[in-house]
Amino acid sequence: MQRPAPVVYSGANMRPVSSWGRLGAAPHDVVELTDRHAVAPALAGHHPGIAHGLGRSYGDACLNAGGVLWRTVGLDRFIAFDPDTGRLTCEAGVVLRDISRLMIPRAWNLPVVPGTQWVTVGGAIANDVHGKNHHVVGTFGEHVRRLRLVRTTGETIDCGPDQNPELFAATVGGLGLTGLITEAELQLRPIGGPWLEAETVAFSGLDDFFALSDESEAAWEHTVSWIDCTSGSSVRGLFMRARPSSGGTGRPWHERSRRIPITPPVSMVNGLSLRPFNALYYCLSRRRTGVRVVHYEPFLFPLDSILDWNRLYGPKGFFQYQSVVPRAGALGATRDMLDAIARSGEGSFLAVLKTFGARPPAGLLSFPREGATLALDFRNSRAASGLFARLDEIVQAAGGRLYPAKDARMPRALYEATYPNLAAFAAHRDPGMSSGLSRRLMGS
Amino acid sequence: MRIVVIGATSAIAEHCCRLWAVEGADFVLMARDSAKLEKIAADLTVRGAKSVSLATPEFFDPAAIKAFADATLAGGAVDIVLIAHGWMPLGQDALDIASAEQVLQINAVSPVLFAEAFAGPFAQARRGTIAIIGSVAGDVTRRANYIYGGAKSLLTRYAQGLDHRLFGSGVKVVLIKPGPTDTPMTTHMKAAGQRLATPEQVAQITVDAIRRGKTTVYAPGLWRWIMLIVRHLPRPILNRLPI
């Protein structure tokens, strides 16, 4: 008996989609991809559009208001794994958390994970994400051995460091604009287990921070600092460093995540809450300084235990401002930025300062470079946009740049001035790929 | 653990298999779309499945279904049979009669035949679990999907009787009734702004129910109470609801 052909749904699936910053929820024509071998026809029928994974970029890199989004979370199958070499091939919609949870018991793990595990492999490549261990292993793209790109022209192209290397360099950190990544082959790293030996050190002042960073780079794989963004350039903070535990295991860890159940009518992060929270967090955490053995998940992904935390910023959403400035001028530039932020009275509970190692970038448009990176959230307010203009000036004067994955507002002139490979990148673009960010910063 | 899955490319079935794969299960999978099934087999292998074999798809011929069950059991004991295939066309108030027959064949007759083919040998071996994916649509049928719902309601009654038959035999019968779930079958509902359960959630509930041998589970559990109310609505009210 022949079964009738299934109904094919396409187009007209308009529904509101927002990115992690929740600055808006414009309708998008969402096309669900579920078969990696049927991506080319799906792209041919609808464009321009952009690939959309878990929507964890903060601004408009994963959005295309009023247009097409190819949703990749249905491309979530593993393809092959070689337990001898640690090579993992998987579809682009596989979530990093699933890879870690599957592979760590087998003594392998992803070399690079960003601050959340709720990221797809495709998104991690397209934004060439970095982790707390950038000075040791670099960015995510450095561990991609091969990827398969489907273009709106109908072509399917494999590329990697040894195969179409120019297109590969454009695709790593290429914000989805060179085509849609359907699968990737990743080189995992052998690990001993899920335990980290972690140390928290309280510091005050930027000199202290940079001294701790320099001192930690050789012996500690992960380094990151929480800072009290209300404290200005005399900044107080907590320097956190960790390395694989040599034998010791910590207390058994069980995931206990909570969800912010509703979006409050106004931002919970505001002038009233900012100072008391930061002071309280600092004082409570300072009492827990010292060396401990901890599970990698709470150390590397502290915010993953609060699901939907982005709702705290209320219905108007928030911006994240993440910059990197070269190490040579980092002290002065960071000091000026922190003073400007403290004066504005804006900021967030989670402000992060860390140093990047000196490694050649994996992609033409990769964000990380040798220097100091500062990341803060700001509720969507008029005061914040004034502050951003000031911070832009400091970053540009110091020869730094901003992270497009976090950005929803940087001026095009700043982007063009700080990403020197833009012209080389343009030659590799897929003309059928377009996002809010590409139109804002590249004109198409 | 040896597991047979009929309709293994369904989103719920695939996610159940992912959970079992991590435990090192052996699989026998059957589905119509062989290209998709091969991708799933590779995925389950990476996730830890000890073995995955793919069966020739045959959903309607009773003799072939019986032969499949016997051959599979001859290859080794089976712990779980998950019967997960289904098909829900849109606009059932305007469905042609041939398609209506298809809906009944795929969603009611075929699942019953698979369950029957395994029930006898399981009873003889005094072990095994027969798990069937039903639907909340089988509790109360409505204009948009009453033929599908009618077929699923047959599964509800059938599973109840099968459970009666196998009571005390050591064989468990588990009926899972998912609410609307975010699968390719329900893309139109998501576009209309409905909040749907994810196949991961439904799969977790299914796997837990099979492990504990629960007879009937709603997935998510809230649907038990929703359907309890809807089942008791008087006809004049039910028929005026915009559902």
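Keep in mind that this is a model prediction, so the values were computed, not measured. Residue indices follow the written sequence of each chain, beginning from 1 at its first position. All chains are assigned letters beginning at A, and all ligands numbers beginning at 1, according to the order in which they are written. Predicted model: local features are reported for residues with pLDDT of at least 70 only, side-chain atom pairs are reported and counted for 80 or more only, and whole-chain, interface and lining totals are derived from all residues.

**Quick notes on the overall build of chain A**
Spelled out, the test is: Secondary structure follows DSSP: runs of H or I at least 4 residues long count as helices, runs of E at least 2 residues long count as strands, and numbering of each begins at the N terminus. Based on C-alpha atoms, the radius of gyration is set beside the globule rule, defined as 2.2 Å times the residue count to the power 0.38. Partly exposed residues are those falling between the two cut-offs: more than 12 but fewer than 20 other C-beta atoms within 10 Å of their own, whereas 20 or more means buried and 12 or fewer means exposed, with C-beta atoms placed from the backbone. Two residues qualify as being in contact provided that their C-beta atoms, derived from the backbone, are within 7 Å of each other.
Each helix and strand counted, chain A has 13 helices and 21 strands in total. In terms of overall dimensions, chain A is globule-like: its C-alpha atoms have a radius of gyration of 21 Å, near the 22 Å expected for 444 residues. Across its three principal axes, chain A shows a C-alpha extent of roughly 70 × 50 × 45 Å. Taken across its 444 residues, chain A has 48% of its residues classed as buried. Partitioning the intrachain contacts of chain A with sequence separation of at least 6 by distance along the chain shows that 75% fall at a separation of at least 24.

**Notes on the overall build of chain B**
Check the secondary structure of chain B and you find nine helices and seven strands. At 18 Å, chain B has a C-alpha radius of gyration in line with the 18 Å of a compact globule built from 243 residues. Its C-alpha atoms put chain B at 55 × 40 × 35 Å along the principal axes. Taking all 243 residues of chain B together, the buried fraction comes to 44%. Restricting the contact set of chain B to residue pairs at least 6 apart, pairs at least 24 apart contribute 67%.

**Description of the packing of helix H4 (residues 97-125) of chain B against helix H5 (residues 146-166) of chain B**
Residue and element names in this part refer to chain B. This is how the line gets drawn: All axes are obtained by fitting lines to C-alpha atoms, using only the stretch in contact for helices, and the reported angles, taken between N-to-C directions, cover 0 to 180 degrees. Oblique is the label for any angle not covered by the other classes, which are roughly parallel (under 35 degrees), roughly antiparallel (over 145) and roughly perpendicular (65 to 115). Crossing handedness: left-handed means the near helix sits turned counterclockwise from the far one by under a right angle, and right-handed means the same turn made clockwise. Three residue categories are used. Nonpolar comprises Ala, Val, Leu, Ile, Met, Phe, Trp, Tyr, Cys and Pro, charged comprises Asp, Glu, Lys and Arg, and polar comprises the others, including Gly.
Axis separation between H4 and H5 bottoms out at 8 Å; the angle between their running directions is 15 degrees. Here H5 runs roughly parallel to H4, going by the angle between their axes. Helix-helix and strand crossings are classified by hand; for H4 and H5 the assignment is right-handed. Of the residues in H5, those in contact with Ala100, Val103, Leu104, Asn107, Ala108, Pro111, Val112, Ala115, Ala119 and Ala123 of H4 are Ile147, Tyr148, Ala151, Lys152, Leu154, Leu155, Tyr158, Leu162 and Leu166. Residues that form the contact of H4 with H5 fall into these classes: 17 nonpolar, one polar and one charged.

**With respect to the sheet that holds strand E20 (residues 371-379) of chain A**
Residue and element names in this part refer to chain A. Note the cut-off: When DSSP finds two or more bridges between two strands, those strands count as paired.
Read across the sheet, eight strands follow the order E16-E12-E14-E13-E19-E20-E18-E21 without closing on themselves; strand pairing throughout is antiparallel. Each edge of the open sheet carries a strand with a single partner, namely strand E16 (290-295) and strand E21 (401-402). In the sheet, strand E12 (residues 195-204) pairs with E16 via six bridges, with the strands oriented antiparallel. Of the residues in E16, the one forming a bridge with Trp195 is His295. Against the sheet, helix H9 (residues 330-344) engages strand E18 (318-325) and E20, with an angle of about 10 degrees to E20.

**Quick look at the pairing of E12(A)**
On a regular strand, one side chain projects to one face of the sheet and the next to the other, so that they alternate. Pairing analysis gives nine bridges linking E12(A) to strand E14 (residues 236-244) of chain A, with the strands arranged antiparallel. Paired with A:Ala198 across the strands is A:Ala242, a residue of E14(A).

**Concerning the nonpolar core**
We count it as follows: By definition, a nonpolar core groups buried Ala, Val, Leu, Ile, Met, Phe, Trp, Tyr and Cys residues that are joined through C-beta atoms within 7 Å. The domain boundaries here were taken from an automatic or database domain assignment.
A:Trp70, A:Val121, A:Ile125, A:Leu180, A:Ile181 and A:Ala184 are the most contacted members of the largest nonpolar core, which totals 114 residues. Here this core takes six residues from helix H10 (residues 382-397) of chain A, the largest share from any one element. Per-domain counts for this core show at least three residues from each of domain 1 (78-191) and domain 2 (195-245 + 263-408) of chain A. Dropping the residues within four chain positions of it, A:Val121 is found in contact with A:Cys90, A:Ala92, A:Val94, A:Leu96 and A:Ala184. Counting residues in each nonpolar core, the second largest holds 71 residues, with B:Leu44, B:Val52, B:Ala131 and B:Ile132 among its members.

**Describing unusual backbone geometry**
With an omega dihedral of -10 degrees, the bond running from B:Ala219 to B:Pro220 counts as a cis peptide bond. Tracing the chain through its elements places B:Pro220 in the loop between strand E7 (216-219) and helix H8 (222-231). Phi is positive for A:Asp128, which is not a glycine, with a value near 35 degrees. Along the chain, the position of A:Asp128 falls in the loop between helix H3 (121-126) and helix H4 (134-137). Since 27 C-beta atoms lie within 10 Å of it, A:Asp128 is described here as buried.

**Comments concerning the sheet that holds strand E1 (residues 2-6) of chain B**
Residue and element names in this part refer to chain B. In space, the seven strands of this open sheet follow the order E3-E2-E1-E4-E5-E6-E7, with parallel pairing throughout. Among the strands making up the open sheet, the edge pair consists of strand E3 (51-55) and E7. Taken pair by pair, the neighbouring strands of this sheet meet at an average axis angle of 15 degrees, ignoring direction. Examined bridge by bridge, strand E4 (residues 80-83) and strand E5 (residues 129-133) share four bridges and lie parallel to one another. Paired with Leu82 across the two strands is Ala131, which belongs to E5. Lying over the sheet, helix H1 (residues 11-22) contacts E1, strand E2 (26-30), E4, E5 and strand E6 (172-178), oriented at roughly 170 degrees with respect to E1.

**Some thoughts on the domain arrangement of chain A**
Residues and elements named next belong to chain A. Along its sequence, chain A is organised into domain 1 (78-191) and domain 2 (195-245 + 263-408). In this structure, domain 1 and domain 2 have C-alpha centres spaced 25 Å apart. At the junction of the two partners, domain 1 supplies 24 residues and domain 2 supplies 24 residues. Contributions of two or more residues to the side of domain 1 that touches domain 2 are made by H4 and helix H5 (165-171). For the side of domain 1 that touches domain 2, the element with the most residues is H4, which contributes three residues. Across the side of domain 1 that touches domain 2, the residue classes break down as eight nonpolar, 13 polar and three charged.

**Regarding helix H2 (residues 34-47) of chain B**
In plain terms, the rule: Expected span, for any helix, means 1.5 Å times one less than how many residues it has. To be clear, the arc concerns the directions from the helix axis to the C-beta atoms.
Taking 1.5 Å per residue as the helical rise, H2(B) with its 14 residues ought to reach 20 Å, and the 20 Å between its terminal C-alpha atoms agrees with that figure. For H2(B), every residue scored as buried is listed here: B:Leu37, B:Lys39, B:Ile40, B:Asp43, B:Leu44 and B:Arg47. For H2(B), the buried positions fall inside an angular range of 160 degrees around the axis, keeping them on one side. Along H2(B), the residues that are exposed and aim more than 90 degrees away from the buried face are B:Ser34 and B:Ala35. Where H2(B) is buried, its residues touch strand E5 (78-82) and helix H2 (96-103) of chain A together with H1, E2 and E3 of chain B. Phi turns positive, to about 125 degrees, at B:Gly48, one or two residues after H2(B).

**Thoughts on the packing of H1(B) against H2(B)**
Between two packed helices, both the angle of their axes relative to each other and the distance between the axes serve to describe the pair. All names here are of chain B. Relative orientation of the contacting elements H1 and H2 amounts to 30 degrees, with a least axis distance of 8 Å. Overall, the two elements H1 and H2 adopt an arrangement that is roughly parallel. In this structure, H1 crosses over H2, and the sense of that crossing is right-handed. Residue-level contacts link Glu14, Cys17, Arg18, Ala21 and Val22 of H1 to Ile40, Leu44 and Arg47 of H2. Class assignment of the residues belonging to the contact of H1 with H2 gives a composition of five nonpolar, no polar and three charged.

**Structural notes on the confidence of the model for chain B**
Spelled out, the test is: Values of pLDDT, ranging from 0 to 100, describe the predictor's confidence in every residue of the model.
In the predicted model, chain B carries a mean pLDDT of 92, and the fraction of residues at 70 or more is 96%. Predicted complex, confidence summary: ipTM 0.89, pTM 0.92.

**Considerations on the environment of A:Ile260**
By secondary structure assignment, the location of A:Ile260 is in the loop between strand E15 (258-259) and helix H7 (271-286). Placed 82 residues apart in sequence, A:Ile260 and A:Thr178 show a C-alpha to C-alpha distance of 36 Å.

**Here's the deal with the environment of B:Asn107**
Residue and element names in this part refer to chain B. By the element assignment, Asn107 lies in helix H4. Each C-alpha atom of the pair Asn107 and Phe122 lies 23 Å from the other, and the pair is 15 residues apart in sequence. Apart from residues lying up to four places away in sequence, Asn107 is in contact with Gly86, Trp87, Tyr148, Ala151 and Lys152.

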